[in-house]
Amino acid sequence: MLQDGFGRRIDYLRLSVTDRCDLRCSYCMPKHFKDFEEPAHWLSFDEIERLLSVFARLGLKRIRLTGGEPLLRKDLPELVRRLAALPGIDDLSLSTNGTQLAKHAARLRQAGVSRLNVSLDSLDRDTLHRLTGRDVLAQVLAGLEAARGAGFRAIKINMVATTGLSERDVDAMVAFCADRGFVLRLIETMPLGEAGRSAGFVDLQPIRARLRERFGLVDGVVPGGGPARYLVSPDRRVQIGFITPISQHFCATCNRVRLSVDGRLHLCLGQETAVDFRSLLRGGASQAQLAEHIGQALLRRPERHEFRERPGRTVRIMSSIGG
């Protein structure tokens, strides 16, 4: 069983397949950032499959494909097919900014992706342009419609709460998601790198209380492997998750680790601890040796992040470690 030194079971891995992105969201990637990994440093599909097969044998159940923007990775459906076939993996999902989704939704679903998370921080065209650096609202909406038609088990909308977020923005997104059968997730920004710290922090607790009263919501459960705490309407037409790493952290129940595109296993978003698996894979490590290093790595996992106590500690950017 995958377990860290504090007794937490690890059954969820977020896999970054590229650190490239076609957007420059203000809270994620600095506008002029160019310090990307060389493609030669990226784990190949064979290397990914080999390493994750070891994780699966040790008890991994869930994999989420991320980036950067994962749909920029060439032949991604082929990797999806390989991972979906791993014994023990019962949930394969993908996070995307939606700009490429209209082209790829059907093939991703056919290959084995069952759930999608799509980033959409505003339904206002100008606001989204300002936040992402590109005029992409029409592309993202087209991608969402293609995803609805492809038959994914669940589609969740990720909306990051940045400075300037208004009640009108949130209520419009609630209505949008309710009308289309999407699950909305509101997310607090984290002080990861300069971009994350400059985005401004919005405490979601007052917003949560207002939405509970405004829409008559109650505590509920929505399937998924992440940390969101949900409110739902009695008819479940409205489903809103809150991801609150700052105002109400969830470290005690954290069940996930992140594997970056260059093969580093990141053990906590709020700590710099990472373990290099690319060198092991390319150095000819056996399956048993990989399993041993995974177990040793998890024992180095910290008890919790220190975003409040030491907000400047983490210098890397979100897109480099799997969003």
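Just so you know, these numbers come straight off a predicted model, no measurement behind them.

### Quick word on the nonpolar core
In terms of nonpolar packing, the biggest core is built from 88 residues, with Leu15, Leu52, Leu65, Leu83 and Leu186 touching the most fellow members. Beyond its immediate stretch of four places on either side in the chain, Leu52 contacts Leu13, Leu15, Ile63, Leu83, Leu86 and Leu259.

### Here we look at the packing of aromatic side chains
If you walk through the whole model with that rule in mind, you get one aromatic pair. Seen from their ring centres, Phe176 and Phe182 are 6.0 Å apart, and the 55 degrees between their planes marks the pair as tilted. A single burial state applies to Phe176 and to Phe182, both of which are buried. Its guanidinium or amino end placed over the ring of Phe215, Arg214 lies 4.6 Å from that ring's centre, counting from NZ or CZ.

### Looking at the pattern of salt bridges
Pairing of side chains with opposite charge becomes possible as their charged atoms draw close. By the definition in use, this model includes 21 salt bridges. With a closest N to O distance of 3.5 Å, Arg208 and Asp219 form a salt bridge. Note that Arg208 is positioned in helix H8 (residues 204-215) and Asp219 in strand S7 (residues 218-220), a separation of 11 residues in sequence. Overlapping salt bridges bring together Asp46, Glu49, Glu78, Arg81 and Arg82 as one network.

### Some remarks on the packing of helix H6 (residues 167-180) against H8
Closest axis-to-axis distance for the H6/H8 pair is 12 Å, and the angle between their directions is 50 degrees. Compared by their axis directions, H6 and H8 come out oblique. As for the relative orientation of H6 and H8, their crossing is right-handed in sense. Contact residues: Glu167, Val170, Asp171 and Val174 in H6; Arg210, Leu211, Arg214 and Phe215 in H8. Partitioning the contact of H6 with H8 into residue classes produces four nonpolar, no polar and four charged.

### Quick notes on the side chain of Glu69
Checked against the element boundaries, Glu69 lands in the loop between strand S2 (62-66) and helix H2 (76-84). It is Arg134 that comes nearest to the buried, bridge-free Glu69 among opposite-charge side chains, at 9.4 Å. Reaching out from Glu69, the side chain makes a polar contact with the side chain of Thr96 at a distance of 2.9 Å. Within the local environment of Glu69, its side chain forms a polar contact with the backbone nitrogen of Asn97, the two atoms lying 2.7 Å apart.

### Description of the sheet that holds strand S1 (residues 12-16)
Judged by pairing direction, the sheet is mixed, and its 12 strands sit side by side in the order S7-S8-S9-S6-S5-S4-S3-S2-S1-S10-S11-S12 without closing on themselves. Sheet topology places S7 and strand S12 (274-276) at the edges, where each strand pairs with a single neighbour. Each strand axis lies, on average, 25 degrees off the axis of its neighbour in the sheet, ignoring direction. The sheet contact formed by strand S10 (residues 256-259) and strand S11 (residues 264-266) spans two bridges and is antiparallel. Residue pairing for S11: Arg258 is matched across the bridge by His266. In the packing of H6 onto the sheet, the strands contacted are strand S5 (154-161), strand S6 (183-188) and strand S9 (239-243), and the crossing angle to S5 comes to about 175 degrees.

Cut-offs and rules
- Residues numbered from 1 in each chain as written.
- Predicted model: local features only at pLDDT ≥ 70, side-chain atom pairs only at ≥ 80, totals over all residues.
- Heavy atoms only, no water.
- Core = buried A, V, L, I, M, F, W, Y, C linked by side-chain atoms within 4.5 Å.
- Buried < 20%, exposed > 50% of the residue type's maximum accessible area, 1.4 Å probe, protein only.
- Contact = heavy atoms within 4.5 Å.
- Phe/Tyr/Trp six-rings, centres within 6.5 Å; stacked < 30°, edge-to-face > 60°.
- Lys NZ or Arg CZ within 6 Å of the ring centre and 35° of its normal.
- Salt bridge = Lys/Arg side-chain N within 4 Å of Asp/Glu carboxyl O.
- Helix = DSSP H or I, 4+ residues; strand = E, 2+ residues; numbered from the N terminus.
- Axes fitted to C-alpha atoms, helices over the stretch in contact; angles between N-to-C directions.
- Parallel < 35°, antiparallel > 145°, perpendicular 65-115°, else oblique.
- Left-handed = near helix turned anticlockwise from the far one by under 90°.
- Nonpolar A, V, L, I, M, F, W, Y, C, P; charged D, E, K, R; others polar.
- Lys, Arg positive; Asp, Glu negative; His and termini not counted.
- Polar contact = N/O pair within 3.5 Å; in protein donor to acceptor, adjacent residues only side chain to side chain.
- Pairing = 2+ DSSP bridges.

It is worth stressing that arrangement in space is one thing and function is another; only the former is reported here.
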